[in-house]
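Examination of the molecular architecture
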Amino acid sequence: MDEELNVTYMITLDGHVEVHKYRFLYFIIMFTVYILIICSNSTIVYLIWTHQNLHEPMYIFIAALSLNSVLFSTNIYPKLLIDFLSEKQIISYQACLVQYFMCYAIGGSEFLLLSAMAYDRYVSICKPLQYPTIMTKTTISIFLVLAWLVPACQLVASATMSANQKLCGFNLRVIFCNNSIYKLHCETSRTISVYGVFILLNVALFPMLFIVFTYAKIFITTYRSCKEVRKKAAETCLPHLLVLINFSLLCTYDVIIVRLESDIPKLARLFMTLQITVYNPLFNPIIYGLKMKEISKHLKRLLCQNKMK
């Protein structure tokens, strides 16, 4: 390896808008959002962990998604808050790769967890008699392990290849490290590009197609069933679909930001990036807390207990 590749390069994160003028306002707003994300998602995990009637596959996957939101936010927000109070918004290339790795590994696991939830709903609604034998503790554990390990293992190779690339650029028009790190490389690597498409297909496109196909089967089955079955399907599937649509749109934002970077005004690009960091982690627990009947019931009890104290 060339000696140049062993040098610690500092990357400037140039996606901020008038950060020197509004640094304290940005800090207060984003710190408040971060606390809300941690508290709301931790509450969902706590409720599922402590109540025996929530120890079912669907709720376990919801807890895993909430844990993902905490991990994703912790990967982004502490560095973001430090940048707001710093004179220069910089990050080492190695740390940038770690942030990039965590961002997309967690994002990939999100799609796989949503796929597992879709399959769980399919078996529950379309094959109710076989549900206990199919969705066992072993099956759930396998789904969870695969959801977290498959994207992580694939992203390790991508991050390693990027670490071995020579850099010619040191400026990113973003507020955290994402796919735009490839624009720092002196040469576009065909291997990295092809492998990136392979990862995208494996952890995003194929799972999304599987989810769409699964819910289509569910809706066809429930359409032919009685009103009570349709109501139950709507209550459990609607929150999942809302989360899937939100997350898919945010992933589309991420692609747009990277591909059309030079054509998007800085303020619009910042706003789109903030959608990724705020919308999904903050609103997922709200969707599940309000739309999932059992979680909503335990949440109301918890809030009432706190008020009585």
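Residues numbered from 1 in each chain as written. Predicted model: local features only at pLDDT ≥ 70, side-chain atom pairs only at ≥ 80, totals over all residues. Heavy atoms only, no water.

1. Digging into the sheet that holds strand β1 (residues 10-13)
Across the sheet, which stays open at both edges, the three strands sit in the order β2-β1-β3 with mixed pairing between neighbours. Two strands bound the open sheet, and with one partner strand each, they are β2 (90-92) and β3 (171-172). In the sheet, β1 pairs with β2 via three bridges, with the strands oriented antiparallel. What sits directly across from I11, in β2, is I91. The strands touched by helix α3 (residues 93-126) are β1, β2 and β3; relative to β2, the strand with the most contacts, the crossing angle is about 90°. (Pairing = 2+ DSSP bridges. Helix = DSSP H or I, 4+ residues; strand = E, 2+ residues; numbered from the N terminus. Contact = heavy atoms within 4.5 Å. Axes fitted to C-alpha atoms, helices over the stretch in contact; angles between N-to-C directions.)

2. What about the side chain of S109?
Mapped onto the fold, S109 is located in helix α3. Residues in contact with S109, not counting those within four places in the same chain, are N68, A147, W148 and P151.

3. Thoughts on helix α1 (residues 19-50)
Of all the bends in α1, the greatest measures close to 40° and is centred on L25. Among all positions in α1, only V19, R23, M30, V33, Y34, I37, N41, I44, L47 and I48 are buried. (Bend = angle between axes of the 7 residues up to and from the residue. Buried < 20%, exposed > 50% of the residue type's maximum accessible area, 1.4 Å probe, protein only.)

4. Here we look at the UniProt feature "transmembrane region" (unreviewed entry) in the protein chain
In this structure's numbering, the residues bearing the UniProt feature "transmembrane region" (unreviewed entry) are residues 24-49, 58-77, 97-119, 140-157, 192-216, 237-258 and 270-290. In the segment residues 192-216, helix accounts for 100% and strand for 0%; the C-alpha atoms at its two ends are 35 Å apart. (UniProt positions renumbered as here; feature names shortened; annotations may be inferred.)

5. Points about the pattern of salt bridges
Applying the stated criterion across every chain, the model contains four salt bridges. For the salt bridge of D83 with K79, the shortest nitrogen-to-oxygen distance reads 2.5 Å. On the criterion of helical spacing, the pair formed by D83 and K79 is a turn pair, its members being four residues apart in helix α2 (residues 57-84). Here D83 falls in the buried class, since its relative accessible area comes to 1%. Note that R121 is salt-bridged to D120, the shortest N-O span being 2.8 Å. Of the two residues, R121 and D120, neither departs from the other in class, the shared state being buried. (Salt bridge = Lys/Arg side-chain N within 4 Å of Asp/Glu carboxyl O.)

6. Side note on helix α6 (residues 190-223)
The terminal C-alpha atoms of α6 lie 47 Å apart, and with 34 residues this matches the ideal 50 Å at 1.5 Å per residue to within 8%. By the largest-angle criterion, L201 marks the main kink of α6, which is about 45°. Along α6, the residues that are buried comprise I192, I199, V203, A204, P207, I211, T214, Y215, I218 and T222. (Expected span 1.5 Å × (residues − 1).)

7. A short note on the state of the cysteines
Taken as a whole, this structure holds two disulfides when the rule is applied. A disulfide bridge connects C96 with C177, and the sulfur atoms are separated by 1.9 Å. Every disulfide takes its handedness from the sign of the S-S torsion; for C96 and C177 that torsion is -115°, giving left-handed. Here C96 is found in helix α3, whereas its partner C177 is found in the loop between β3 and α6, with 81 residues between them in sequence. Here C168 connects covalently by a disulfide to C186, the sulfurs 1.8 Å from one another. Judged by the sign of its S-S torsion, about 100°, the bond between C168 and C186 is right-handed. (Disulfide = S-S within 2.5 Å.)

8. Focus: the nonpolar core
Here is a general trend for soluble globular proteins: nonpolar side chains tend to be buried in one another's company. In terms of nonpolar packing, the biggest core is built from 43 residues, with Y77, L172 and C177 touching the most fellow members. At the level of elements, β1, α1, α2, α3, α5 (137-163), α6 and α8 (266-291) are the ones that each hand at least two residues to this core. Non-local contacts of L172, meaning those with residues more than four positions away in its chain, are made with I11, T12, L13, D14, G15, C96, C177, S180, I181 and L184. Core analysis: the next-biggest nonpolar cluster, separate from the first, contains 40 residues, L114, M117, I218 and M292 among them. (Core = buried A, V, L, I, M, F, W, Y, C linked by side-chain atoms within 4.5 Å.)

9. What about the packing of aromatic side chains?
Taken as a whole and assessed by the stated rule, the structure comprises 12 aromatic pairs. Between Y119 and F143, the aromatic rings sit 5.9 Å apart at their centres with planes inclined by 90°, giving edge-to-face as the arrangement. Of this pair, Y119 sits in helix α3 while F143 sits in helix α5; the two residues are 24 residues apart in sequence, bridging distant segments of the chain. Here Y119 falls in the partly exposed class, since its relative accessible area comes to 24%. Plain terms: the ring middles of Y279 and F283 are 4.7 Å apart, the flat faces sit at 35° to each other, and that makes the pair tilted. Note that Y279 and F283 are positioned in helix α8 at a spacing of four residues, about one turn of the helix. (Phe/Tyr/Trp six-rings, centres within 6.5 Å; stacked < 30°, edge-to-face > 60°.)

10. Brief notes about the packing of α1 against α2
Where α1 contacts α2, the two axes come as close as 9 Å, and the packing angle between them is 160°. For the element pair α1 / α2, the angle class is roughly antiparallel. Crossing angle aside, the handedness with which α1 passes α2 is left-handed. Of the residues belonging to the contact of α1 with α2, the class tally is 23 nonpolar, six polar and two charged. (Parallel < 35°, antiparallel > 145°, perpendicular 65-115°, else oblique. Left-handed = near helix turned anticlockwise from the far one by under 90°. Nonpolar A, V, L, I, M, F, W, Y, C, P; charged D, E, K, R; others polar.)

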